[in-house]
Amino acid sequence: MYHTLILTAVALFLGFGAAAALADDYVLTIKDHRFNPTEIKVPANKRVQITVVNDDPTPEEFESHEMKVEKVIPGKSKAVVRVGPLKPGRYPFLGEFHEATAKGTLIAE
């Protein structure tokens, strides 16, 4: 009985892990100190994951005061940023190290 309970708990845990892995994942690329795409549309009221790929040789900081997130992505690497759930609306983000060019908007709808 004890082993059955343990196996059931492990199966449930793995099931939840698989569900988390299926969460919406969006990719944002930094190249020449610019975000591509400059707009990302995500579902409102749902937690989402953004993989930020920095193709530049220098680091960049993904930052958004409205989404309460900031993360430094070293050059030629990538990082995952999780945000939300967000109410419907527009949420600006920027690359703090190159604010003049690295700008974008996340749109929750």
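Let me sum up the structure you'll find in this document. (Residues numbered from 1 in each chain as written. Predicted model: local features only at pLDDT ≥ 70, side-chain atom pairs only at ≥ 80, totals over all residues. Heavy atoms only, no water.)

This part takes up the pairing of strand S8 (residues 89-95). Pairing analysis gives two bridges linking strand S5 (residues 60-64) to S8, with the strands arranged antiparallel. In the strand pairing of S8, Phe62 is matched with Gly95. With six bridges connecting them, S8 and strand S9 (residues 103-108) associate as antiparallel partners. Paired with Pro92 across the two strands is Thr105, which belongs to S9. (Pairing = 2+ DSSP bridges. Helix = DSSP H or I, 4+ residues; strand = E, 2+ residues; numbered from the N terminus.)

This brings us to the sheet that holds S8. Here five strands make up an open sheet; going across it, the order is S3-S9-S8-S5-S6 and the pairing mixed. The sheet is open, and its two edges are formed by strand S3 (39-42) and strand S6 (69-73), each paired on a single side. When strand polarity is set aside, the average angle formed by the axes of neighbouring strands in this sheet is 20°. The sheet contact formed by S5 and S6 spans five bridges and is antiparallel. Opposite Phe62, over in S6, you have Lys71 as the bridge partner. (Axes fitted to C-alpha atoms, helices over the stretch in contact; angles between N-to-C directions.)

So far we have only geometry, and geometry alone does not tell us how the molecule works.
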